[in-house]
Amino acid sequence: MDAQVTEVADFLAAHAPFRELPRPLLSALVSSASIRYARRGTRILSVGESSRVMFVLRSGAVDITDSEGVLVERSDVGTSFGMSTLVERAPSRYDFTAIEDSLLLVVPEPSFRDLCQSDPGFESFYTSAHAARLRRAVGQLHLADRGGAVLRTTLGDLLRRPPVGAAPTTSIREAAQVMAREHVSAILVLEDGHLVGVVTDRDLRSRVLAAGRDPAEPLATVMTPDPETARSDALAFEALMAMVDRNIHHLPVLDVAGQVLGLVSSTDLMRLEHNNPVYLVADIAGAQDVGVLVELASRIPVIVEQLVAEDASARDIGRVVTSLGDAIERRLLTLAETELGPPPVAYCWVVLGSQARHEQGLASDQDNALVLSDEVTSEQDHYFAQLAERVSSGLEACGYPRCPGEVMATNPRWRVSVSTWRSHFAHWLETPEPEAVLNGSIFFDMRPLRGDHRLVEELRAPVLAATGQADLFLAYLARHAVSRRPPLGFFRGLVLEKEGEHRDSLDLKSGGVAAIVELARVHALLHGLPEVGSQARIAAATHAGSLSPGLGAELADALEFVSYLRLRHQGRQVRMGQEPDNFVDPGQLTDFERRHLRDAFRIVRSAQQALGQRLPLDTLS
């Protein structure tokens, strides 16, 4: 008996998490366990069945399939299964079937729980399996090759002193004396603690000295009222882009409650490391023609490669790539307006899809539209058609392919008034045919880029209010979201492309990033949430109770992990002179990465199953 215990203990000691257990605990576990033989084809545990044991595969092979018969994983020797019924105290979500004659080590529930109490590492391995393991994986992937994550710098990080301010009734002379004493180049004008204006040293030169104004006049007479502001959690990079776009050099910083925390200047931002895209944004803003923009856009892939090497997260890289794309698109609009003259009516240029979500990668194509004032006439559309064509052509030259589905402002269907947009959304919500669901998945990810943002706000509020009541549309949208199968099943659990130019590669987008994006969108729309970014949607949906805190955190980690691998893959392709795509050779992944990819895909599958159980998807035609 002792020899058998020793033999089994030695076997377990070769596999996680048993290899970390002290020998006495391992021996006690083996003494309490039993051996079970399962002939090939035996169903060991079924969906919906409760279990009071955990299995460890000693020999043979076991397939784990979901309720729809889809292979989730093929267990290797030494792996555990069936423990989710113990951890969650719920019926099994999977079928476990021996596909070879197998020997199983059966661990009873009391022994499993005793070990969880005795050894935190053992408990962590199982009780927080997906979340904790994936989060560690994300952290290890982000180990810096060099340098720090300068692009994580927020405006709050840059503030070094309390705000320097004065009341609107303060004289210009007194305010100038305060600025000199405090060694600041601008002063905030505050009334009852609220920001009402700002005065800079440039204002003192141009509005006071050059204008011959009496310095005894109140500060309010020379201030810039209601200045542009930014939140303290905004990235410095985003703030600088806004400042360049608006030709301002000082930006008051507010907290979430709208209280003034301080002020940053363009000089503060320029002091950041040179090795970031800040300078590229400034160059883009000053480009005088499309040819210059094309040259500047060619630097974006290099920046992505640098960011991957500098420990930036996938979320940060996506924001940076998007911000650079935004800057190019804004500059193209400015150049087009300069050429065509002022627009005949108010408009708002909107971006869609990944760009709207701040999640652009290097393989993104164009997705944009125009929201026009209801005053627009058919004759005036000619102006906007030319505007759209100039911008689209410029984007194409800069490396952003035209949308194959023509979801662009060059398409007259997506260049319409606010009222027509309302009609579009109403039709999609009331008649959820396949095209409506597809359009809904595109146009609900909409962000104003340039022009009159109020036109989009007029559209967004009533549409979001109506969406929460559009049960049938949401059900179809959810069915589309759960139909994206994570690539799990073969090749040690990962399903590879079977044919075509990407044969034997792994698609990180379709069943990975895109699947999570669609899940996040459905959960946000179920509650009429205004967030557009996927991480923000997951957080908001979790806060609203649409996602459990555990599943919300797991989905966020899964999105970060898969997105990071995808961006790193694209960066490598650029370095090798290849066109970036979403298909990675599994041979380029380490065992560590493959294992945690499976964790990420399992999380996606679990989230899809949870959504499928919540909405009546089986009743849809």
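Residues numbered from 1 in each chain as written. Predicted model: local features only at pLDDT ≥ 70, side-chain atom pairs only at ≥ 80, totals over all residues. Heavy atoms only, no water.

1. Observations concerning the sheet that holds strand 1 (residues 34-38)
Backbone-to-backbone hydrogen bonds pair the strands of a sheet. The strands run either parallel or antiparallel. On the basis of which strands lie adjacent, the open sheet formed by four strands has the order 1-8-3-6 and antiparallel pairing. In this open sheet, the two edge strands, each paired with only one partner strand, are strand 1 and strand 6 (80-81). Across the sheet, helix 4 (residues 109-118) is in contact with strand 3 (53-59) and strand 8 (102-108); its angle to strand 8 comes to roughly 65°. (Pairing = 2+ DSSP bridges. Helix = DSSP H or I, 4+ residues; strand = E, 2+ residues; numbered from the N terminus. Contact = heavy atoms within 4.5 Å. Axes fitted to C-alpha atoms, helices over the stretch in contact; angles between N-to-C directions.)

2. Quick look at empty space enclosed by the protein
Overall, the coordinates contain six cavities of 30 Å³ or more when judged by the stated rule. Computed from the structure, the largest cavity encloses a volume of approximately 140 Å³. What lines the largest cavity is a set of 15 residues, among which Phe443, Phe444, Arg460, Val463 and Leu464 lie closest to the centre. Broken down by element, the lining of the largest cavity gets its largest block of residues, five residues, from helix 20 (residues 453-467). Its residues assigned to classes, the lining of the largest cavity shows 12 nonpolar, no polar and three charged. (1 Å grid on protein atoms, 1.4 Å probe; cavity = no way out; pocket = protein on both sides within 12 Å on 5 of 7 lines; lining within 4 Å. Points joined across faces, edges and corners; volume = space filled by probe spheres on them. Nonpolar A, V, L, I, M, F, W, Y, C, P; charged D, E, K, R; others polar.)

3. So, the packing of helix 2 (residues 23-32) against helix 4
The contact between helix 2 and helix 4 brings their axes to 10 Å, and the two run at 170°. Classified by the angle their axes make, helix 2 and helix 4 are roughly antiparallel. Along the contact surface, helix 2 presents Leu25, Leu29 and Ser32, while helix 4 presents Ser111, Leu115 and Ser118. The residue inventory of the contact of helix 2 with helix 4, partitioned by class, reads three nonpolar, three polar and no charged. (Parallel < 35°, antiparallel > 145°, perpendicular 65-115°, else oblique.)

4. Quick look at the pattern of salt bridges
Under the criterion given, the structure shown has 23 salt bridges. Measuring nitrogen to oxygen at the nearest pair gives 2.3 Å for the salt bridge that ties Glu109 to Arg52. Separated by 57 residues along the polypeptide, Glu109 in helix 4 and Arg52 in the loop between strand 2 (43-45) and strand 3 bring together distant segments of the chain. Residue classification places Glu109 among the buried positions, given a relative accessible area of 10%. (Salt bridge = Lys/Arg side-chain N within 4 Å of Asp/Glu carboxyl O. Buried < 20%, exposed > 50% of the residue type's maximum accessible area, 1.4 Å probe, protein only.)

5. Observations regarding the packing of helix 8 (residues 172-182) against helix 9 (residues 201-209)
For any two helices packed against each other, the geometry is given by the interaxial angle and the distance between the axes. Contact geometry for helix 8 and helix 9: axes closest at 11 Å, N-to-C directions at 150°. The orientation of helix 8 relative to helix 9 falls into the category roughly antiparallel. Judged by the twist between their axes, the crossing of helix 8 over helix 9 is left-handed. Contacts between helix 8 and helix 9 involve Ile172, Ala176 and Met179 from the former and Asp201, Leu204 and Val208 from the latter. Its residues placed into classes, the contact of helix 8 with helix 9 shows five nonpolar, no polar and one charged. (Left-handed = near helix turned anticlockwise from the far one by under 90°.)

6. Observations regarding the confidence of the model for the protein chain
Do not read the predicted coordinates in detail wherever pLDDT is low. Residues at a pLDDT of 70 or more form 89% of the protein chain, whose mean pLDDT is 84. In the model, residues 143-150 has pLDDT below 50 throughout and makes 15 contacts with residues more than four positions away in sequence or in other chains. (pLDDT = per-residue confidence, 0-100.)

7. Side note on the sheet that holds strand 13 (residues 230-231)
Within the open sheet, the three strands sit side by side as 13-14-15. Their pairing is mixed. Each of the sheet's edge strands pairs with one partner strand only, and the pair in question is strand 13 and strand 15 (260-265). In terms of strand pairing, strand 14 (residues 250-254) meets strand 15 through five bridges, oriented antiparallel. Its bridge partner lying in strand 15, Val253 is registered against Gly262.

8. Examining the pairing of strand 3
Every other side chain in a regular strand lies on the same face of the sheet, so the side chains alternate between the two faces. Of the pairings in the sheet, the one linking strand 3 to strand 8 comprises six bridges and is antiparallel in character. Paired with Met54 across the two strands is Val107, which belongs to strand 8. Bridge count between strand 3 and strand 6: two bridges; the pairing is antiparallel. When the bridges of strand 6 are listed, Val56 appears paired with Ser80.

9. Focus on unusual backbone geometry
Even without being glycine, Asp226 reaches a positive phi, approximately 45°. One non-glycine residue with positive phi stands out, namely Asp504, at about 70°. Mapped onto the secondary structure, Asp504 falls in the loop between helix 21 (471-482) and strand 20 (506-507).

10. Concerning helix 20
Along its 15 residues, helix 20 runs 21 Å from first to last C-alpha, staying within 8% of the 21 Å computed at 1.5 Å per residue. If you check which residues of helix 20 are buried, you get Leu455, Val456, Leu459, Arg460, Val463, Leu464 and Thr467. A distance of 3.0 Å separates the backbone nitrogen of Arg454 from a side-chain oxygen at the start of helix 20, and that oxygen is part of Asp452. (Expected span 1.5 Å × (residues − 1). Polar contact = N/O pair within 3.5 Å; in protein donor to acceptor, adjacent residues only side chain to side chain.)

11. A look at the nonpolar core
If you look at the biggest cluster of nonpolar residues, it comprises 72 residues, and the most contacted ones within it are Trp421, Phe443 and Leu597. Apart from the residues within four sequence positions on either side, Leu597 is in contact with Leu494, Leu506, Leu508, Phe561, Val562, Leu565 and Leu589. Core analysis: the second largest hydrophobic core is formed by 47 residues, Phe237, Phe384, Ala409 and Tyr564 among them. (Core = buried A, V, L, I, M, F, W, Y, C linked by side-chain atoms within 4.5 Å.)

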